[in-house]
Amino acid sequence: DAMVIQNPRYQVTQFGKPVTLSCSQTLNHNVMYWYQQKSSQAPKLLFHYYDKDFNNEADTPDNFQSRRPNTSFCFLDIRSPGLGDAAMYLCATSREGEGFRYTFGSGTRLTVV
Amino acid sequence: QQPVQSPQAVILREGEDAVINCSSSKALYSVHWYRQKHGEAPVFLMILLKGGEQKGHEKISASFNEKKQQSSLYLTASQLSYSGTYFCGTELDSGGGADGLTFGKGTHLIIQP
């Protein structure tokens, strides 16, 4: 089945130690998004790729970076994780033909120790 | 430009109906509805585009009032499986459809037997 896959499902990292989260999709969607969702809060958009074009939200900290080496893969890099970065990170994909409806991955729950 | 959802929480008996509202102070291109269960990724329910639409899926339907910039999600004859947090996500009309959704704070729905 076509889907959005996020790895790992759970990630524990040390304070200040760089960490990379990955997202892959077999839907051939041209738009990929990264959202941060803290406990009991709404998902918050960090950035997205429209094809190869990168779009950063104005309030996304510089600590967060992203890479999209090809259509299928997208990575979220956190250069120096702080305790406040502990959250669920959700990857979503969409494409114009479906009204840009999102398909979410299962998420990566990040713990910073 | 976060949309405002109401109510914050609803407790129902199985078989009862519920309405969840989502409103925006700015013109919208689309409204998406998602349901999220604890610890899981959001699941797509439906999307409504500007022009004023009403869509239905079994016992879950939604409407979009373009004049009021308000969408409502209707849950009819609720089932235990409907429990979860419901988020509306909005895309501004200036965005064209792929700029990423801004999610409301969510409505917690609890269905009791």
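Here the structure is a predicted model, which means the values were calculated and not measured.

A word on the overall build of chain A. Of regular secondary structure, chain A possesses zero helices and eleven strands. Reading the secondary structure of chain A in the N-to-C direction produces β-β-β-β-β-β-β-β-β-β-β. In terms of overall size, chain A behaves like a compact globule, its C-alpha atoms giving a radius of gyration of 13 Å where 113 residues would be expected to give roughly 13 Å. Across its three principal directions, the C-alpha atoms of chain A cover 40 × 30 × 30 Å. For chain A, with 113 residues in total, the buried portion stands at 49%. Considering only residue pairs separated by 6 or more positions, chain A has 55% of its internal contacts joining residues 24 or more positions apart. For chain A, the exposed area adds up to about 5500 Å²; of that, 47% sits on carbon and sulfur atoms. The centroid of the 11 positive side-chain charges in chain A is displaced by 7 Å from the centroid of its 10 negative side-chain charges.

Further remarks concern the state of the cysteines. Residue and element names in this part refer to chain B. Counting across every chain of the model gives two disulfides over all chains. Covalent S-S linkage joins Cys22 and Cys88, the inter-sulfur distance amounting to 2.0 Å. In this structure the cystine formed by Cys22 and Cys88 twists about its S-S bond by roughly 70°; its chirality is therefore right-handed. Here the residue Cys22 occupies a position in strand β3 (residues 18-23), and Cys88 occupies one in strand β9 (residues 84-92), the gap between them amounting to 66 residues. Of the two residues examined, Cys22 and Cys88, each falls in the buried class.

All right, on to the interface of chain A and chain B then. Each partner contributes to the interface: chain A provides 22 residues, whereas chain B provides 19 residues. If you look at where chain A meets chain B, you find zero salt bridges. Taken together, the connections running from chain A to chain B amount to five residue pairs in polar contact (both at pLDDT 80 or more). Residue contributions to the side of chain A that touches chain B peak at four residues, all from strand β4 (residues 31-37) of chain A.

Turning our attention to the nonpolar core. Among the nonpolar cores identified, the biggest contains 21 residues, and Trp33(B), Leu73(B), Leu75(B), Tyr82(B), Tyr86(B) and Leu109(B) are the most heavily contacted of them. For this core, the elements supplying multiple residues, two or more each, are β2 (9-13), β3, β4 (28-36), β5 (43-49), β7 (60-65), β8 (70-75), β9 and β11 (107-112) of chain B. Sequence-distant contacts of Tyr86(B), defined by excluding residues within four places in its chain, comprise Gln5(B), Ile20(B), Tyr34(B), Arg35(B), Leu45(B), Leu73(B), Leu75(B), Gly106(B), Thr107(B) and Leu109(B). Counting residues in each nonpolar core, the second largest holds 19 residues, with Tyr35(A), Met88(A), Leu90(A) and Phe87(B) among its members.

A complete count under the given rule lists three salt bridges over all chains for this structure. Notably, a salt bridge pairs Asp59(A) with Lys44(A), separated by 3.2 Å at the nearest N-O pair. Of this pair, Asp59(A) sits in the loop between β6 (53-56) and β7 (64-67) while Lys44(A) is found in strand β5 (residues 44-50), placing the two residues 15 residues apart along the sequence. By relative accessible area, Asp59(A) is classed as exposed at 51%. With a closest N to O distance of 2.8 Å, Lys50(B) and Asp93(B) form a salt bridge. Within this pair, whereas Lys50(B) is found in the loop between β5 and β6 (54-57), its partner Asp93(B) is found in the loop between β9 and β10 (102-103), the two being separated by 43 residues in sequence. For Lys50(B), a relative accessible area of 39% puts it in the partly exposed group.

Another point: the sheet that holds β7(A). Adjacent strands of a sheet pair through backbone hydrogen bonds, lying either parallel or antiparallel. Residue and element names in this part refer to chain A. Reading across the sheet, the four strands line up as β1-β3-β8-β7 and stay open at both edges, with antiparallel pairing between neighbours. Whereas interior strands pair on both sides, the edge strands pair on one side only; in this sheet they are β1 (4-7) and β7. Averaged over all pairs of adjacent strands, the angle between their axes in this sheet comes to 20°, without regard to strand direction. Here β7 runs beside strand β8 (residues 73-78); their pairing, made up of four bridges, is antiparallel. Among the inter-strand pairings, Ser66 is bridged to a residue of β8, identified as Leu76.

All names here are of chain A. Burial along β1 is one-sided: Val4 and Gln6 are buried, and none of Ile5 and Asn7, which face the opposite way, are. With four bridges joining them, β1 and strand β3 (residues 19-25) adopt antiparallel strand pairing. Each bridged residue has a counterpart across the sheet, and for Gln6 the counterpart in β3 is Cys23.

Once that is clear, we can look at the pairing of β7(A). Where burial is concerned, the two faces of β7(A) differ: the one with Phe64(A) and Ser66(A) is buried and the one with Gln65(A) and Arg67(A) is not. Joining the antiparallel neighbours β7(A) and β8(A) is a turn of five residues.

The rules behind each value
- Residues numbered from 1 in each chain as written.
- Chains lettered and ligands numbered in written order.
- Predicted model: local features only at pLDDT ≥ 70, side-chain atom pairs only at ≥ 80, totals over all residues.
- Heavy atoms only, no water.
- Helix = DSSP H or I, 4+ residues; strand = E, 2+ residues; numbered from the N terminus.
- Rg over C-alpha atoms; globule rule 2.2 N^0.38 Å.
- Buried < 20%, exposed > 50% of the residue type's maximum accessible area, 1.4 Å probe, protein only.
- Contact = heavy atoms within 4.5 Å.
- Areas by Shrake-Rupley, 256 points an atom, 1.4 Å probe, with all protein chains shown as cover.
- Lys, Arg positive; Asp, Glu negative; His and termini not counted.
- Charge placed at Lys NZ, Arg CZ, Asp CG, Glu CD.
- Disulfide = S-S within 2.5 Å.
- Salt bridge = Lys/Arg side-chain N within 4 Å of Asp/Glu carboxyl O.
- Polar contact = N/O pair within 3.5 Å; in protein donor to acceptor, adjacent residues only side chain to side chain.
- Core = buried A, V, L, I, M, F, W, Y, C linked by side-chain atoms within 4.5 Å.
- Pairing = 2+ DSSP bridges.
- Axes fitted to C-alpha atoms, helices over the stretch in contact; angles between N-to-C directions.

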